[in-house]
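Listed here are the chains, written in short residue letters.
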Amino acid sequence: MAEQQELPKNYFNLPDGRYCFVLEDRIAVVSKLATTEWPEPTEGPDMGSLILFGIISAVTLVLSVLFFIVGFYPLAAMTTLASIVSGGAFLRSLKYSASPAVYRNTITACTYHKVNFGYDYFLVTYTTKSGKSLIRRFPIYDSAEIAAKAIALFQAEGLLPVAS
């Protein structure tokens, strides 16, 4: 019978099927549990969110102008509101990152957030090479066992204060 390889203990599951490893030099998100290559951090905010919110904001702004010109004032008011909300989401997403890795020596803050509906998550604030402060969100798979493992891991690594 083949021996089972012991799984590493310095990781937790993410909701999208990937794994978050807390290593000596970085926090890394990888898609395979047995990996030997760790990703490097990327600079800048999450481009997917910026593109999405930018397109929604632009389209709803154009629609609101057209509705005002035509005289459909209720629709103009609704699309103007949608444009303002999506513009705000665009501006908020400028500070969030989708980097596959964060070096531990660049981390300035780390907090754990428990939510009622949705996934609990860690917010890690870090500084990029260019000196910009970004936030990386690490969601935790929806399981009390995995959440406890993730919290214990972050506390053991000194990223979160130990609750007394």
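All of the points below concern the structure found in this document. Bear in mind the structure is a predicted one, so any value in this text is a computation, not a measurement.

Concerning the packing of helix α1 (residues 47-70) against helix α2 (residues 73-93)
Line of reasoning, step 1. It is at 8 Å that the axes of α1 and α2 come closest, and there the two elements cross at 160°. In terms of their interaxial angle, α1 and α2 are classed as roughly antiparallel. Viewed along their axes, α1 and α2 form a crossing whose handedness is left-handed. Residues S49, L50, F53, G54, I56, S57, T60, L61, L63, S64, F67 and F68 of α1 form the contact with α2, whose own contacting residues are Y73, L75, A76, T79, T80, A82, S83, S86, G87, A89, F90 and S93.
Line of reasoning, step 2. Here the contact of α1 with α2 is composed, by residue class, of 13 nonpolar, eleven polar and no charged.

Let's talk about the sheet that holds strand β2 (residues 19-22)
Line of reasoning, step 1. Within the open sheet, the four strands sit side by side as β1-β2-β3-β5. Their pairing is antiparallel. Two strands close off the open sheet at either side, each with one partner strand: β1 (11-13) and β5 (101-103). Direction aside, the axes of adjacent strands within the sheet are offset by 15° on average.
Line of reasoning, step 2. Here four bridges tie β2 to strand β3 (residues 26-30), and the two strands are oriented antiparallel to one another. Counted as the bridge partner of V22 is I27 from β3.

A closer look at the pattern of salt bridges
Line of reasoning, step 1. Counted under the stated rule, the structure contains five salt bridges.
Line of reasoning, step 2. For the salt bridge of R26 with E40, the shortest nitrogen-to-oxygen distance reads 3.2 Å. Residue R26 is found in strand β3, and its partner E40 is found in the loop between β3 and α1; the two are separated by 14 residues along the sequence.
Line of reasoning, step 3. Take R26: its relative accessible area is 9%, and that puts it in the buried class.
Line of reasoning, step 4. With a relative accessible area of 45%, E40 lands in the partly exposed category.
Line of reasoning, step 5. In this structure, K114 engages D120 in a salt bridge whose closest nitrogen and oxygen atoms are separated by 3.6 Å.
Line of reasoning, step 6. Exposure remark for K114: the relative accessible area of 66% places this residue in the exposed category.
Line of reasoning, step 7. Overall, D120 belongs to the buried group, its relative accessible area being 11%.
Line of reasoning, step 8. The network of salt bridges with common partners includes D25, R26 and E40.

Here we look at α1
Line of reasoning, step 1. Under the 1.5 Å per step criterion, the end-to-end length of α1 is 34 Å for 24 residues, consistent within 8% with the ideal 34 Å.
Line of reasoning, step 2. In the core, the buried residues of α1 are packed alongside α2.
Line of reasoning, step 3. Positive backbone phi, at 105°, marks G71, one or two positions downstream of α1.

Conventions we followed
- Residues numbered from 1 in each chain as written.
- Predicted model: local features only at pLDDT ≥ 70, side-chain atom pairs only at ≥ 80, totals over all residues.
- Heavy atoms only, no water.
- Axes fitted to C-alpha atoms, helices over the stretch in contact; angles between N-to-C directions.
- Helix = DSSP H or I, 4+ residues; strand = E, 2+ residues; numbered from the N terminus.
- Parallel < 35°, antiparallel > 145°, perpendicular 65-115°, else oblique.
- Left-handed = near helix turned anticlockwise from the far one by under 90°.
- Contact = heavy atoms within 4.5 Å.
- Nonpolar A, V, L, I, M, F, W, Y, C, P; charged D, E, K, R; others polar.
- Pairing = 2+ DSSP bridges.
- Salt bridge = Lys/Arg side-chain N within 4 Å of Asp/Glu carboxyl O.
- Buried < 20%, exposed > 50% of the residue type's maximum accessible area, 1.4 Å probe, protein only.
- Expected span 1.5 Å × (residues − 1).

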